[in-house]
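Descriptive structure summary
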Amino acid sequence: MKRVLIVDDSKFWRLVVSDIVRKIEKDVETILAENGMEGLQKALKQRPDYFIIDYNMPDFSGIYLSVVLRECEMFRNSGIAILTGSSDTVNQFWAERSGANVFIDKGKKEEIESSLKAFLKQPYRSDKGCELEEIGNVFQIVENRLKREMLEKEILSYLRFTRDERYVVSLLGILFRYFSGFSAFRVLLLSTSEGRVYSLGKPAKKELLRGYLLSKMERPISPSFWSFHGVFSEEGVPSENSYHFVVKDGNSELGVILFEDVENQYLLNLALRNSTSSLSVLFRNLNDFRDYMVASETDSLTQLLNKRVIMKFLEESLRNKRKIAVAMLDIDDFKRINDTFGHPTGDEVLRVIGGMMREIVSAGKVGRYGGEEFMIVFETDDHDLVENTMNRIMKEVRNFDWKKIFSVEKRVTLSGGVAFSRENSSPAELVEEADRKLYEAKRSGKDRFVI
C-alpha cells in the first residue's frame, strides 16, 4: 500500500488533493497535515513514500519543508511534489533545487490529476528500516545543509587554481585542518596519463606511500608514468593510525586522500562526507586538465617533455636569472639499432631510456629534443650534483638488461655534453655549447660525457 502525506494549510485543498489521490490509487493511505511543522512530525512518525506539499503555508514554505525532508536519510528516495497557486511567485528552478521531484500548478483540476497520476506511478519509497535518530529542530537541519553547501562552495572555488595542482592540494590540507589535526596529509590523483602522489607533513618513502594509497582503491587504473611532490624520505612509512577517503565519480575512482594521526575522526569524516560531490568535481577537473597538459606538453613516445616545452623552461630559467646547467644526450649508433632490429624496437629503446632519465633526474626537467637526442635542464649549477646525475644515467643505460628488448645480447650506451650557465647566457648559446661537447664525447669514443 502506498502512503501519501498531503500538507496544505487549506482544508479545501487537502480534501481535493486527497480525493484525487484516492481516485488515482485504489490501494492508498492518505495522511493530512495543515502546516509544515505538523507535516514534518507526521512524516517522521509514519514515513510516507509520497509527499504532496503546498508551497505557501503560514509557518514555512513547501520548498523549506522539501529541503528539511531531503536532509533526513529516510526520505532521500521518497517522492516530493510541490503545489502552487497561480498567484504564488515561486520559480520551478527553486522547487527542483529544494529536492522536489515535481512542481504542479493548482490552476486546473485536470492538470493536477494528470500530473499527480504520473507522479504516483513512480516507484518512490521512504526507508522504513532507517533508524530514527535525534535530528534536532527544523532550523538545525537547514543549518546543516547550509554548512554543507558552504563547504562544497569552498572546495569548488579551488577550481580556479587548476593549473597549480600542488597549490590546490595544499588548500585542501589547510581546509581539513579546521575539522581535525593530523600529522601528515597525502593525496593520490590518478589519470590515464599520470599518477601524482603528494606528501605534506612528515616524510614518507615514495614507493611505500604509492603502494599504500593504491591499496585503498578497488580498481585503480594504470597511468603512463608517476610523479611525486612534497616531502619524502628513504625510510618513512604511513602511520597505522590513519584515515583514508576514496574520491569517486560514480564507479570511477579518481584518487585517495589520506590523513595520518587524526585527532578528531568524527568531525573529519563528517566534513569529507559533506564534500563528496565537490571533491569529485575537483578531482575530475584536475585529472582531465593533467591529461590535457600531458598531451600538449609531452612527447607521446617517451612521456618526457617535448622540445617546445623543455626549451620554454630553459628560456624562463635564464630570464629569471637562475643558475642552471644544460645537458644534451644522444643514443650511440641508434641508426644501426633501427636498421638491424626495426623501428618498433628502436621506439622501445627510447621509451626505456626516457623512463630512466625521468626517474633519475630530481633537480631539473628532462625532454626529448628530437630523434634519439634528449635534453636535461638542471635547476642547479652544482657541478658535483650534475656530474653524479650524468654518471648515474650513463651507468643505468649501460647496465640495463637489453636482451629483454632485443632478444639477443646487445649493449646500448649514451654520449653527452654539459654546459653551465654564465651571466647573460642565452638559450641558443647553452644548447650549442652542450651539443658541441656531446659530439666531442662521440669523437672520443662514445659512452661518456664531456663537461
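These notes cover the structure that comes with them. (Residues numbered from 1 in each chain as written. Predicted model: local features only at pLDDT ≥ 70, side-chain atom pairs only at ≥ 80, totals over all residues. Heavy atoms only, no water.)

**Topic: the overall build of the protein chain**
Of the regular secondary structure elements, the protein chain holds 16 helices and 15 strands. Against the compact-globule benchmark of 22 Å for 451 residues, the protein chain has a radius of gyration of 32 Å, which places it well outside the compact range. A principal-axis box enclosing the C-alpha atoms of the protein chain has dimensions of 100 × 45 × 45 Å. For the protein chain, contacts bridging at least 24 residues in sequence account for 68% of all contacts bridging at least 6. Within the structure as shown, the protein chain displays about 22,800 Å² of accessible surface, and the carbon and sulfur contribution to it stands at 47%. Distance between charge centres in the protein chain, computed from 67 positive and 70 negative side chains, equals 2 Å. (Helix = DSSP H or I, 4+ residues; strand = E, 2+ residues; numbered from the N terminus. Rg over C-alpha atoms; globule rule 2.2 N^0.38 Å. Contact = heavy atoms within 4.5 Å. Areas by Shrake-Rupley, 256 points an atom, 1.4 Å probe, with all protein chains shown as cover. Lys, Arg positive; Asp, Glu negative; His and termini not counted. Charge placed at Lys NZ, Arg CZ, Asp CG, Glu CD.)

**Considering unusual backbone geometry**
Even without being a glycine, Asp261 presents a positive backbone phi close to 55°. Residue classification places Asp261 among the partly exposed residues on the basis of a relative accessible area of 28%. Its identity is not glycine, yet Asn424 carries a phi of approximately 70°, on the positive side. Structurally, Asn424 can be placed in the loop between strand S14 (414–420) and helix H16 (427–443). (Buried < 20%, exposed > 50% of the residue type's maximum accessible area, 1.4 Å probe, protein only.)

**Details of the environment of Arg368**
Secondary-structure assignment places Arg368 in strand S12 (residues 364–370). C-alpha separation for the pair Arg368 and Gly173, spaced 195 residues apart in sequence, amounts to 35 Å. Beyond its immediate chain neighbours, meaning those up to four positions away, Arg368 contacts Asp299, Leu301, Thr302, Leu304, Leu305, Asn306, Lys307, Leu350, Glu373 and Phe374.

**Let's talk about the pairing of strand S13 (residues 373–378)**
Of all the six residues making up S13, six are buried; the element is thus mostly covered by neighbouring parts of the structure. Residue alternation in S13 divides its side chains into two sets, Glu373, Met375 and Val377 and Phe374, Ile376 and Phe378, and both sets are buried. Pairing geometry for strand S11 (residues 325–331) and S13, over six bridges, is antiparallel. What sits directly across from Ala325, in S13, is Phe378. Where S12 lies against S13, six bridges are found, and the strand directions are antiparallel. Bridge pairing in S13 places Lys365 opposite Val377. From the end of S12 to the start of S13, which pair antiparallel, there are two residues, and Gly371 there has a positive phi angle of about 55°. (Pairing = 2+ DSSP bridges.)

**A short note on the sheet that holds strand S1 (residues 2–7)**
Ordered in space as S2-S1-S3-S4-S5, the five strands form an open sheet in which the pairing is parallel. Here the strands that pair on one side only, and so sit at the sheet edges, are strand S2 (28–33) and strand S5 (102–105). Taken over all neighbouring pairs, the strand axes of this sheet differ in orientation by 20° on average, direction set aside. Note that strand S3 (residues 50–54) and strand S4 (residues 79–84) share five bridges and pair parallel. Considered in S4, the bridge of Ile52 is made with Ala81. Running over the sheet, helix H2 (residues 36–46) touches S1, S2 and S3 and is turned about 145° from S2. (Axes fitted to C-alpha atoms, helices over the stretch in contact; angles between N-to-C directions.)

**Things to note about the packing of helix H12 (residues 334–341) against helix H13 (residues 343–360)**
Two elements in contact, H12 and H13, have axes separated by 7 Å at closest approach and are oriented at 140°. Considered as vectors, H12 and H13 are oriented oblique to each other. In contact with Phe334, Ile337, Asn338 and Phe341 of H12, H13 contributes His343, Thr345, Gly346, Val349 and Leu350. Of the residues that constitute the contact of H12 with H13, the class distribution is five nonpolar, four polar and no charged. (Parallel < 35°, antiparallel > 145°, perpendicular 65-115°, else oblique. Nonpolar A, V, L, I, M, F, W, Y, C, P; charged D, E, K, R; others polar.)

**Things to note about the side chain of Asn338**
With respect to the element layout, Asn338 can be found in helix H12. We classify Asn338 as buried; its relative accessible area is 12%. Not counting residues within four places of it along the chain, the set of residues in contact with Asn338 comprises His343 and Gly346.

**Focus: helix H5 (residues 109–121)**
A turn of α-helix holds 3.6 residues, and therefore any two residues three or four places apart point the same way. The end-to-end C-alpha distance of H5, which contains 13 residues, comes to 18 Å, matching closely the 18 Å that a straight helix rising 1.5 Å per residue would cover. When we look at burial in H5, the residues that qualify are Ile112, Leu116, Phe119 and Leu120. All buried residues of H5 fall inside an arc of 90° around its axis, so they share one side. In H5, the exposed positions that point more than 90 degrees away from the buried face belong to Glu110 and Lys121. On its buried face, H5 is in contact with S1, helix H1 (11–24), S3, S4 and S5. (Expected span 1.5 Å × (residues − 1). Arc of directions from axis to C-beta.)

**Regarding the nonpolar core**
Formed by 33 residues in total, the largest nonpolar core has its most connected members in Val349 and Ile353. Within the residue set of this core, elements represented by two or more residues are S11, H12, H13, S13, helix H14 (383–399), helix H15 (403–406) and S14. Sorting elements by how many residues they give to this core places H13 first, with seven residues. Excluding its chain neighbours within four sequence positions, the residues that come into contact with Ile353 are Ile331, Phe374, Val397, Trp402, Val412 and Leu414. Grouped together as the second largest cluster of nonpolar side chains are 28 residues, Val168, Leu172, Val187 and Leu268 included. (Core = buried A, V, L, I, M, F, W, Y, C linked by side-chain atoms within 4.5 Å.)

**Focus on the packing of aromatic side chains**
Enumeration over the complete set of coordinates arrives at 16 aromatic pairs. Residues Phe161 and Tyr167 carry aromatic rings whose centres are separated by 5.0 Å and whose planes lie at 80° to one another, so their mutual orientation is edge-to-face. Between Phe182 and Phe259, the aromatic rings sit 5.1 Å apart at their centres with planes inclined by 65°, giving edge-to-face as the arrangement. Of this pair, Phe182 sits in the loop between helix H7 (165–176) and strand S6 (184–190) while Phe259 sits in strand S10 (residues 252–260), and the two are 77 residues apart along the sequence. The pair formed by Phe182 and Phe259 is uniform in burial state, with each residue classed as buried. Every member of this aromatic cluster is reached through a ring pair, and the members are Phe176, Phe182, Phe185 and Phe259. The aromatic ring of Phe232 is capped on one face by Lys206, whose charged end is 5.8 Å from the ring centroid. Lys307 extends its terminal NZ or CZ atom over the ring of Tyr369, reaching a point 4.4 Å from the ring centre. (Phe/Tyr/Trp six-rings, centres within 6.5 Å; stacked < 30°, edge-to-face > 60°. Lys NZ or Arg CZ within 6 Å of the ring centre and 35° of its normal.)

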